[in-house]
Amino acid sequence: MDYTGCYMFKSRRSAGVADASFYDSADGITELPDTIDLAHKHTVSGAGETTMDGLEFGSQSYTMSSKDDSFLFPRSGKLHESTSEEATVSGKMATSESRKDRFGNNGTSKASGCRTGAGLGAAGYGRAVEILDTLGCLMTTLSPDGGFTSRATKGTQISILAFEVANTVLKGASVMQSLSEDSVTYFKQVVLPSEGVQNLISSDMGELMRIVASDKREELRIFSQEIVRFGNRCKNAQWHNLDRYFVKLESENVPQKQLKETATVEMQKLMTLVQRTTDLYHELHALDRFEQDYRCQQKGNETSNKVEKDNFAGDNVQVLRLELKTQRGYVKSLKKRSLWSKTLEDVVEKLVDIVQYLHVEINISFGTSDGGELSSESTVNSLRLGPAGLALHYANTIIQIYGIVSRSGYVPANSRDALYQVLPPRVRLALPNRLRTSSIPRELTIDQIRSMMEKTLKWLVPMAINTTCARGFLRFSEWAKSGTERVGRGPGRPDVIETLYHADKTRTEAYILELVVWLHHLVSQSNRPANVK
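Small disclaimer: the values here were computed from a predicted structure and weren't measured.

Definitions and cut-offs
Residues numbered from 1 in each chain as written. Predicted model: local features only at pLDDT ≥ 70, side-chain atom pairs only at ≥ 80, totals over all residues. Heavy atoms only, no water. Helix = DSSP H or I, 4+ residues; strand = E, 2+ residues; numbered from the N terminus. Buried < 20%, exposed > 50% of the residue type's maximum accessible area, 1.4 Å probe, protein only. Contact = heavy atoms within 4.5 Å. Areas by Shrake-Rupley, 256 points an atom, 1.4 Å probe, with all protein chains shown as cover. Phe/Tyr/Trp six-rings, centres within 6.5 Å; stacked < 30°, edge-to-face > 60°. Lys NZ or Arg CZ within 6 Å of the ring centre and 35° of its normal. Axes fitted to C-alpha atoms, helices over the stretch in contact; angles between N-to-C directions. Parallel < 35°, antiparallel > 145°, perpendicular 65-115°, else oblique. Left-handed = near helix turned anticlockwise from the far one by under 90°. Core = buried A, V, L, I, M, F, W, Y, C linked by side-chain atoms within 4.5 Å. pLDDT = per-residue confidence, 0-100. Nonpolar A, V, L, I, M, F, W, Y, C, P; charged D, E, K, R; others polar. Salt bridge = Lys/Arg side-chain N within 4 Å of Asp/Glu carboxyl O.

Novice: What exactly am I supposed to notice about the overall build of the chain here?
Specialist: Each helix and strand in the chain was counted, giving 21 helices and two strands. Counting across all 533 residues of the chain, residues that qualify as buried make up 41%. Nonlocal contacts in the chain, meaning residues at least 24 apart in sequence, comprise 84% of its contacts between residues at least 6 apart. On the chain, roughly 30100 Å² of surface is accessible, and the fraction owed to carbon and sulfur atoms is 53%.

Novice: I would appreciate a short explanation of the packing of aromatic side chains in the present structure.
Specialist: Each pair of aromatic rings is reported with the distance of its centres and the angle of its planes. The final tally for this structure, using the stated rule, is seven aromatic pairs. Every member of this aromatic cluster is reached through a ring pair, and the members are Phe163, Tyr281, Trp340 and Phe476. Of note, lysine 335 hangs over the ring of tryptophan 340, and the distance from its end group to the ring centre comes to 4.3 Å.

Novice: It is not clear to me how the packing of helix 6 (residues 162-178) against helix 13 (residues 344-366) should be interpreted in this structure. Could you clarify?
Specialist: Packed helix pairs are specified by the crossing angle of their axes together with the interaxial distance, meaning the distance between the axes. One way to put it is that helix 6 packs onto helix 13 with a least axis distance of 11 Å and a crossing angle of 20 degrees. Relative to helix 13, the element helix 6 is oriented roughly parallel. As for the relative orientation of helix 6 and helix 13, their crossing is left-handed in sense. For the pair helix 6 and helix 13, the contacting residues are Val165, Val169, Gly172, Val175 and Met176 in the first and Leu344, Val347, Leu351, Ile354, Tyr357 and Leu358 in the second.

Novice: What is the right way to read the nonpolar core from this model?
Specialist: Here is a general trend for soluble globular proteins: nonpolar side chains tend to be buried in one another's company. Counting 102 residues, the largest nonpolar core has Met453 and Leu500 as its most contacted members. In terms of residue count, helix 13 provides more of this core than any other element does, twelve residues in total. Those residues in contact with methionine 453 that lie beyond four places of it in its chain are Ile401, Val405, Leu515, Trp518, Leu519 and Leu522.

Novice: Whenever I open this one, the confidence of the model for the chain confuses me. Can you help?
Specialist: Detailed reading of predicted coordinates is not advised where the pLDDT is low. Here the chain averages 74 in pLDDT, and 62% of its residues register 70 or above. Across the chain, helix 8 (residues 195-200) holds the top mean pLDDT of 96, while helix 1 (residues 3-20) sits lowest at 38. Every residue in residues 1-120 is under pLDDT 50, and counting partners more than four places away or in other chains gives 113 contacts. Ignoring residues within four places in sequence, the model shows residues 136-152, a span with pLDDT below 50, making 20 contacts including any to other chains.

Novice: How should the packing of helix 9 (residues 205-232) against helix 13 be read in this particular structure?
Specialist: As a packed pair, helix 9 and helix 13 sit with axes 10 Å apart at the nearest point and diverge in direction by 170 degrees. For the element pair helix 9 / helix 13, the angle class is roughly antiparallel. Facing helix 9, whose interface residues are Met209, Val212, Ala213, Lys216, Arg217, Leu220, Phe223, Ser224, Ile227, Phe230 and Gly231, helix 13 presents Leu344, Val348, Leu351, Val352, Ile354, Val355, Leu358, His359, Ile362, Asn363, Ser365 and Phe366. Tallied by class, the residues present in the contact of helix 9 with helix 13 amount to 16 nonpolar, five polar and two charged.

Novice: Mind showing me how you'd approach the side chain of lysine 505 here?
Specialist: Of note, lysine 505 is situated in helix 21 (residues 505-532). Contacts of lysine 505, omitting those with residues within four sequence positions, involve Leu383, Leu385, Leu390, Tyr394 and Arg426.

Novice: Mind showing me how you'd approach the environment of leucine 161 here?
Specialist: With respect to the helices, strands and loops of the structure, leucine 161 is situated in the loop between strand 2 (148-150) and helix 6. We classify leucine 161 as buried; its relative accessible area is 16%. Placed 183 residues apart in sequence, leucine 161 and leucine 344 show a C-alpha to C-alpha distance of 9.4 Å.

Novice: Hey, could you run me through unusual backbone geometry in this one?
Specialist: What you tend to see is this: most non-glycine residues have negative phi, and most peptide bonds are trans. With a phi close to 55 degrees, serine 159 is a non-glycine residue in the positive phi region. Within the secondary structure layout, serine 159 lies in the loop between strand 2 and helix 6. On the basis of relative accessible area, serine 159 is assigned to the partly exposed category, the value being 27%. A positive phi is found at asparagine 241, a non-glycine position, where the angle reads about 55 degrees. Relative to the elements of secondary structure, asparagine 241 occurs in the loop between helix 9 and helix 10 (242-247).

Novice: Quick question: what am I supposed to make of the pattern of salt bridges here?
Specialist: Inspection of the entire model under this criterion finds ten salt bridges. Put simply, glutamate 218 and arginine 221 hold a salt bridge, and the shortest N to O gap is 2.5 Å. With glutamate 218 and arginine 221 both in helix 9 and three residues apart, the pair spans about one turn of that helix. When the shortest N-O distance is used, the salt bridge between glutamate 509 and arginine 426 registers 3.4 Å. Placement of glutamate 509 in helix 21 and of arginine 426 in helix 18 (residues 425-437) is noted, with a sequence separation of 83 residues between them. Glutamate 509 gets classed as buried once you look at its relative accessible area, which sits at 5%. A single salt-bridge network, built from bridges that share partners, covers Lys216, Glu219 and Asp495.

Structure below.
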């Protein structure tokens, strides 16, 4: 509690004592004439000034300076000034009352003025109690974990940020779902041993696990950065600069079972709010349509003639007004039950627990970050397509080759020229020499050549298509329009390891060159009958 308020309380009591010290023992009250002589006025005025001096002296004797206790409550100096001013006003009022008194003699005038001062002292006492009660509600208290929390500080209402917060929650739910037991098992037994991953990325399972762990930590970093941004918008300072807290997570050991239960329950609560926010998203769009229809109907009424307005337009406007009122009420109800009416502090607190759980779960599922660096062979001696910005270009080249192979019959010259222009530079340089040295039996048919190419295309094309479809996290607007409750990666939203992002540049170019050589022989076989003619 702020001790300045206590000292001010004492000054109020001293003010009452100072006023009461002028009390006279006169019992009777007699009526004075309408006029008071000049000597009597000086006497009463002197009593009022004495009261003022005593009042100010009492206030100063019991009040700490704002310099001494400013660290307890920053506005204590202003409170001291306002209390002193109230005491001064009380003394002036007492003096004014003593001048306007018409009862008693000289002694009774003193008594009347003293009683008035005592009454004002009691009023100041009550006012001081009210101020101290208010200050007590605003004071910060010490929390069990050693931090300060304010009982009067209200959180920051999410309001229009509800859809952005819902988007962040969906990202966390997606990462959590990818770390579930079923998803991790699918990764280890299906994705990592797949032919495309083994041929283009690495055949070392340990290195693949480290690559996946690095991808998951990157997703967690993106998710946590948004939480840091929301935390900085909170009124409560304990949620500011959460990035410093997230850096320390690597050195913390938290019981996984307890952390998992807490994170699972909190994510379920948040997803319930996200689902209601999705309903709010749709109903706000509906409300916008109602308002547009209502405005259009009103404009139509202004341009329609009197007969149409009396017969039809009035009823239509009334119906639209009723529908608009109903829709606004429904939207207001959804705001109260969705993220719109929640506070950032409440949501950020839950998201911080989820981040902590995800960090521990990544270490358990794919290994800790201590040995999580990629091997020198994969980082120095080879170049990955994703960091080099070539993944999408190589994916389009592979899809273009597949498009030509899928055609039956004659291959147009413009298609061959377009493919040649998009080939990687190293493939174009190596192609002439490879065509001269390659020996393919002339008796191979077109179907046999396609069959040879499809052995490579069956695992290479899916990775190329996944590369063109990979767009990171699912956006809230897309998820709301999909009408599904699935938050993980579904069809058309592959994981990074299933794309060309981590593909080795040299290996990928070797497979593209092989496909182009086979394509040359396919085109030659397709055009042979025309050449013969």
